[in-house]
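Report on the structure
Each chain is listed here by its residues.
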Amino acid sequence: MSWHELRITVPFEYVEPVSYLFERYGYGLSVETKPGEYAILRSYLPSLSRQRLAHIEVGIKLASSVAELGELQITPLGVDEDWRDSWKKHFTLLRVGEHLVIKPSWIEYDAKPGDVVIDIDPGLAFGTGYHPTTYSCLEALEELIRPGQVILDVGTGSGILTIAAAKLGAGHITAVDIDGHAVRAAQKNFRRTGISELVNTDSGSIPGSATRGRTYDVAVANISARGIRLVSPAIPDLLAPAGVFVASGIIVDQHDEAASAISDAGLAVDEIRQREDWITMLCRRR
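An account of the accompanying structure is given in this report.

What counts and how
- Residues numbered from 1 in each chain as written.
- Predicted model: local features only at pLDDT ≥ 70, side-chain atom pairs only at ≥ 80, totals over all residues.
- Heavy atoms only, no water.
- Buried < 20%, exposed > 50% of the residue type's maximum accessible area, 1.4 Å probe, protein only.
- Helix = DSSP H or I, 4+ residues; strand = E, 2+ residues; numbered from the N terminus.
- Pairing = 2+ DSSP bridges.
- Contact = heavy atoms within 4.5 Å.
- Salt bridge = Lys/Arg side-chain N within 4 Å of Asp/Glu carboxyl O.
- Axes fitted to C-alpha atoms, helices over the stretch in contact; angles between N-to-C directions.

Describing the pairing of strand S11 (residues 216-222)
Burial analysis of S11 places six of its seven residues in the buried class, which makes it a mostly covered element. Note: S11 against strand S12 (residues 239-251), six bridges, orientation parallel. In the sheet register, Tyr216 faces S12, and the bridge partner there is Leu239.

Printed below as a string of C-alpha cells:
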C-alpha cells in the first residue's frame, strides 16, 4: 500500500484544532515548532483514503477563513516507506527546566543523575512538551511539586502533566478532561508509564465527582483563556490554604480577560510568565 504525507504550517493558536483533524482522520501526528509564531504539522494517509482526506480539507478550509494557514501539502511516499517511521524523525529529546527530560519512546537515552525522564509517544500537539504552554507548565510543576502532594490536572489531554507530576513525586493526581477521547488516551499513557494507581481520571470539568471532598496543593489548567474563565470560580474551593493554581494556554492578547476572571474568583496572580506569544500565570488564594 502506498502512503501520502500531509503537511501544513499553522500559527500556534491553530495547532490544537488542526491537530484534532489530523488525529481524527489521519494516521499519526507530529508537531515541529519553528522560531517565531508557527508550527509544522504532519500526518499520513493511505492513497485510497479519499473520504478521510476530504474531511481534513474541509476542516482546514473553514479554519483558513478566519486565520492565515499555510497550504495543505500532500506528498506521495514510496510504496516501501512506512509512515510509522517517517513522522518520528521530527521529534527529538526535549529537556525542560532543571531535570525533566521528555523522551519519545523510540529514542535511546542513558539518564543522567537527577534526570526525571518522561517516556511518551508524541500525540496531541499540546501534549508533547513542544508547545510553549506545555513547556511552561512542566517548568512550573518541577518548581512547585513536593513529594506526596495532591495535584489537579484540568484538561489533561495526553496526560503529560499528570505523568510529570507523578514522576516528580506527587502522591495523588486527579486528571479531568471534557473530551472523553482525551481521557481514554490519557489513561492509556498512564498505564504505559506505570502511574495508573496514582491517578483518578474523569470525563468532565470542575467541580465534579472526581474532585468532591478533595483539596489540592497544586492545580494546573493548560487549556485556553476561555477555559480559564470558566474553571476559575471553582478553583479557590479546591485549593489547599497554601495551594497554587497554574493557569496556562493563554494567548498574550487574551491575558487581561483571563487575569480578570482569576481575580474575580478570589485568587491573586503572583507571577506571570511569557514564552513566545503565550502566557502562564501562577496564582494563589488571597
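Description of the environment of Phe190
Turning to its location among the elements, Phe190 is positioned in helix H6 (residues 180-192). For Phe190 and Ile120, which are 70 residues apart along the polypeptide, the C-alpha to C-alpha distance reads 9.8 Å. Dropping the residues within four chain positions of it, Phe190 is found in contact with Thr156, Gly159, Thr162, Ile163, Ala175, Ile195, Ser196, Val199 and Thr201.

What about the pairing of strand S1 (residues 3-11)?
Of all nine residues in S1, seven are buried, a share of seventy percent or more. Relative to strand S3 (residues 38-46), S1 runs antiparallel, the two being bridged by nine bridges. The partner of Glu5 across the bridge, within S3, is Tyr44. Examined bridge by bridge, S1 and strand S4 (residues 73-76) share four bridges and lie antiparallel to one another. Bridging across to S4, Arg7 finds its partner in Gln73.

Comments concerning the pattern of salt bridges
All chains considered together, the criterion is met by eight salt bridges. Its salt-bridge partner being Asp115, residue Arg95 comes within 3.2 Å of it at the nearest N-O pair. One end of the pair, Arg95, is in strand S5 (residues 94-96); the other, Asp115, is in the loop between strand S6 (100-104) and strand S7 (116-120), with 20 residues separating them in the sequence. Of the residues examined, Arg95 reaches a relative accessible area of 37% and is grouped as partly exposed. By relative accessible area, which is 18% here, Asp115 ends up buried.

Structural notes on the sheet that holds S5
Reading across from one edge, S5-S6-S7 is the order of the three strands in this open sheet, with mixed pairing throughout. Two strands in the sheet have a free side with no partner beyond their single neighbour: S5 and S7. Ignoring strand direction, the axes of neighbouring strands in this sheet form an average angle of 25°. Where S5 and S6 come together, three bridges link them in antiparallel fashion. Paired with Val96 across the bridge in S6 is Leu100. The strands touched by helix H5 (residues 160-167) are S6 and S7; relative to S7, the strand with the most contacts, the crossing angle is about 145°.

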